[in-house]
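In case you want the letters, here they are:
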Amino acid sequence: MTEKITDPAKTRKKAMDLLARREHSRLELYQKLKQRQFEPNVINCELDKLLDEGLQSDERFAEAFLRSRIDKGKGPNIILSELSQRGVDEILLSTVIASITEEEWDDLAYKTMNKKLGNEAELDYDKQLKLMKFLSNRGFTRSQIEKAKNLLKRNLTGSNENK
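Conventions adopted
- Residues numbered from 1 in each chain as written.
- Predicted model: local features only at pLDDT ≥ 70, side-chain atom pairs only at ≥ 80, totals over all residues.
- Heavy atoms only, no water.
- Helix = DSSP H or I, 4+ residues; strand = E, 2+ residues; numbered from the N terminus.
- Buried < 20%, exposed > 50% of the residue type's maximum accessible area, 1.4 Å probe, protein only.
- Contact = heavy atoms within 4.5 Å.
- Phe/Tyr/Trp six-rings, centres within 6.5 Å; stacked < 30°, edge-to-face > 60°.
- Axes fitted to C-alpha atoms, helices over the stretch in contact; angles between N-to-C directions.
- Parallel < 35°, antiparallel > 145°, perpendicular 65-115°, else oblique.
- Left-handed = near helix turned anticlockwise from the far one by under 90°.

Re the overall build of the chain
Next, step 1: The secondary structure content of the chain amounts to nine helices and zero strands.
Next, step 2: Along the chain direction, N to C, the helices and strands of the chain fall in the order α-α-α-α-α-α-α-α-α.
Next, step 3: Along the first, second and third principal axes, the C-alpha atoms of the chain reach 70 × 30 × 25 Å.
Next, step 4: The burial tally for the chain puts 35% of its 163 residues in the buried class.
Next, step 5: Intrachain contacts of the chain at a sequence separation of at least 6 include 65% that bridge at least 24 residues.

Okay, structure coming up:
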């Protein structure tokens, strides 16, 4: 069995190296450091110091994570789930998700659905079902999916009438 690394300076340096690449939640840092054979007590001590110094923040992590997932067309349900898996607490989860309005989620659902549809001008029943399942798998709520579908249908109908 390999021996645990107990040097606080090495633990801090590795944590800082990880944070230099991107924001991490406390849980992510802990798991990565533990996987690299650092002593759990030393990890916790150093992570507390990084938090006190403002170098690690679950709030900053959650905000950056939210933005990156929105840019990928992910909905609130999947983002909540992923943040929860990364150790972000319930109160912070609620705050971060609430920073995006329902209209913004609806707009994101519409844009994601429209992008998936591509240049196709028709939206038959089977295609609607596929798009709705796609958005559901992306973590959008039923309400957001319905609004996106209805807006897409209106826009397609309007553009077909203009031709």
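So, unusual backbone geometry
Next, step 1: Positive phi is not limited to glycine here, since Q37 has a value of about 70°.
Next, step 2: One can find Q37 in the loop between α2 (26-35) and α3 (40-52).
Next, step 3: Assessed through its relative accessible area of 28%, Q37 is described here as partly exposed.

Focus on the packing of aromatic side chains
Next, step 1: A full pass over the atoms with the stated rule returns one aromatic pair.
Next, step 2: Consider the rings of F61 and F65, whose centres lie 5.6 Å apart with planes at 40°: the pair is tilted. Placement of both F61 and F65 in helix α4 (residues 58-71) is noted, with a separation of four residues, approximately one turn of the helix.
Next, step 3: What makes F65 buried here is its relative accessible area of 7%.

Thoughts on the packing of helix α1 (residues 8-21) against α3
Next, step 1: It is the contact of α1 with α3, at a shortest axis distance of 9 Å, that shows an interaxial angle of 55°. The orientation of α1 with respect to α3, classified from their angle, is oblique. As α1 packs across α3, the resulting crossing turns out to be right-handed. Of the residues in α3, those touching α1 at P8, T11, R12, A15, M16 and L19 are V42, I43, E46, K49 and L50.

No statement about biological role is implied by the geometric values presented.
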